[in-house]
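# Working through the structure, step by step
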Amino acid sequence: MKNRFKIIDFLFRQTKKTSLHTKMITVSSGERITNLTVHVADTQEKRDKGLMFVRKLPENEGMLFVFSGKTYGGFWMKNTLIPLSIAFLDSDGKILKILDMVPCKQDKCPTYDPELFYHYAIEVNLGWFEKYQIKVGDYVNLD
């Protein structure tokens, strides 16, 4: 019986530890303001999991990856089931680069590397940035 409680306690802690909070952010493109609800991945564990195994992402939702400082390197789509677009941002929220990514179920998946330093990244459904005419140089208000 004691072991059963230990297992339940362990599972509960794991769920609590990895749960994501959401927040509303806005993207400014000229005079246009677009709202986006994001799930915040602000720990290594949350960033590693990302949107893996997510079968459907609502239209105006995404994931915000928060890094403790400038970072360099790419993202991969291992076990990601839906096509995504990703924007890489500097510390002020300026969009530096946007890439499109395709799902990958193989053991070896390509890396989508912006080849620049960034502080944040936002993943959304494939084509979302284009649909809302959001481009490099636009700003994301993360407050």
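Look up a bit, the structure's there.
Predicted model only: the values in this text are computed from it and were never measured. Residue positions are given per chain, counted from 1 along the sequence in the order it is written. Restriction of local features to residues with pLDDT of at least 70 applies here, the model being predicted, together with a cutoff of 80 or more for giving and counting side-chain atom pairs; totals for whole chains, interfaces and linings are based on all residues. Note that water and hydrogens are dropped before the side-chain values are worked out from all heavy atoms of the structure.

Further remarks concern the pattern of salt bridges. Close approach of charged atoms lets side chains of opposite charge pair. Within this document, salt bridges are pairs made up of a side-chain nitrogen of Lys or Arg and a carboxyl oxygen of Asp or Glu, the two lying within 4 Å of each other. Following the criterion strictly, the structure yields four salt bridges and no others. Here Asp42 makes a salt bridge to Lys46, at a shortest N to O gap of 3.4 Å. Owing to a relative accessible area of 34%, Asp42 belongs among the partly exposed residues under this scheme. Residues Lys135 and Asp138 are paired through a salt bridge, measuring 3.4 Å at the closest nitrogen-oxygen approach. Using a relative accessible area of 6% as the deciding quantity, one classes Asp138 as buried. Relative accessibility thresholds used throughout: buried, under 20% of the residue-type maximum; exposed, over 50%; partly exposed, between the two (1.4 Å probe, protein chains only).

So, on to the nonpolar core. As a rule of thumb, soluble globular proteins bury nonpolar side chains together. Only buried Ala, Val, Leu, Ile, Met, Phe, Trp, Tyr and Cys residues count toward a nonpolar core, and they belong to the same one when joined by side-chain atoms within 4.5 Å. Ranked by internal contacts, the top residues of the largest apolar core, which has 19 residues, are Phe65, Phe75, Leu84, Ile86, Phe88 and Met101. Of all elements in the fold, only strand E3 (61-72), strand E5 (84-89), strand E6 (95-101) and strand E8 (117-125) reach the threshold of two or more residues within this core. What makes two residues a contact is simply this: any of their non-hydrogen atoms within 4.5 Å. Ignoring anything within four residues of it in the chain, the contact list for Phe75 reads Phe65, Phe67, Ile86, Phe88, Met101, Pro110, Thr111, Tyr112, Tyr118, Ala121 and Glu123. A run of DSSP states H or I qualifies as a helix once it reaches four residues; a run of E qualifies as a strand once it reaches two. Both are numbered from the N-terminal end.

All right, on to the environment of Asp138 then. Structurally, Asp138 is set in the loop between helix H3 (128-131) and strand E9 (139-141). Among all residues touching Asp138, those that are not within four sequence positions of it are Ser28, Ser29, Gly30, Gly93, Lys94, Ile95 and Gln133. Any N or O atom pair separated by 3.5 Å or less is treated as a polar contact, with the protein-specific requirement of one donor-capable and one acceptor-capable atom, and with residues adjacent in sequence counted only for side-chain atom pairs. Engagement of the side chain of Asp138 in a polar contact is seen with the backbone nitrogen of Lys135, the distance being 2.8 Å.

Next up on the list: the packing of aromatic side chains. To describe a pair of aromatic rings, one takes the distance between the centres and the angle between the planes. Note on aromatic pairs: the rings of Phe, Tyr and Trp (six-membered ring only in Trp) are paired at centre separations within 6.5 Å, and the planes decide the class, stacked below 30 degrees, edge-to-face beyond 60, tilted for the rest. Within the structure shown, the criterion is met by eight aromatic pairs. Judged by centre distance (4.9 Å) and plane angle (85 degrees), the rings of Phe65 and Phe75 are edge-to-face. Of this pair, Phe65 sits in strand E3 while Phe75 is found in strand E4 (residues 75-76), placing the two residues 10 residues apart along the sequence. We note that Phe65, like Phe75, is buried. Three or more aromatic residues link up through ring pairs in this structure, and these residues are Phe65, Phe67, Phe75, Phe88 and Tyr118. Two thresholds decide whether a charge sits over a ring: the Lys NZ or Arg CZ must be within 6 Å of the ring centre and within 35 degrees of the ring normal. A cation over an aromatic ring shows up here: Lys70 above the ring of Phe117, its NZ or CZ 5.6 Å from the ring centre.

Before going further, it helps to spend a moment on the sheet that holds E6. In this description, strands pair whenever DSSP reports at least two bridges between them. Pairing is mixed in the open sheet, where seven strands are placed in the order E6-E5-E8-E3-E2-E1-E9. Two strands in the sheet have a free side with no partner beyond their single neighbour: E6 and E9. Averaged over all pairs of adjacent strands, the angle between their axes in this sheet comes to 30 degrees, without regard to strand direction. Sheet topology note: the strand E1 (residues 22-29)/strand E2 (residues 32-41) ladder contains eight bridges and is antiparallel. By the bridge assignment, Met24 is partnered in E2 with Thr37. Between N-to-C directions, angles span 0 to 180 degrees; the directions come from axes that are lines fitted to C-alpha atoms, helices contributing only their stretch in contact.

Let us now look at the pairing of E5. Of all six residues that make up E5, six are buried, and the element is covered over most of its length. When E5 meets E6, the two strands line up antiparallel, connected through six bridges. Its bridge partner lying in E6, Phe88 is registered against Lys97. Following E5, the chain reverses through five residues before pairing antiparallel with E6; Gly93 in that reversal takes a positive phi of roughly 90 degrees. Of the strand pairs in this sheet, E5 and E8 are connected by six bridges, and their pairing is antiparallel. Its bridge partner lying in E8, Leu89 is registered against Tyr120.

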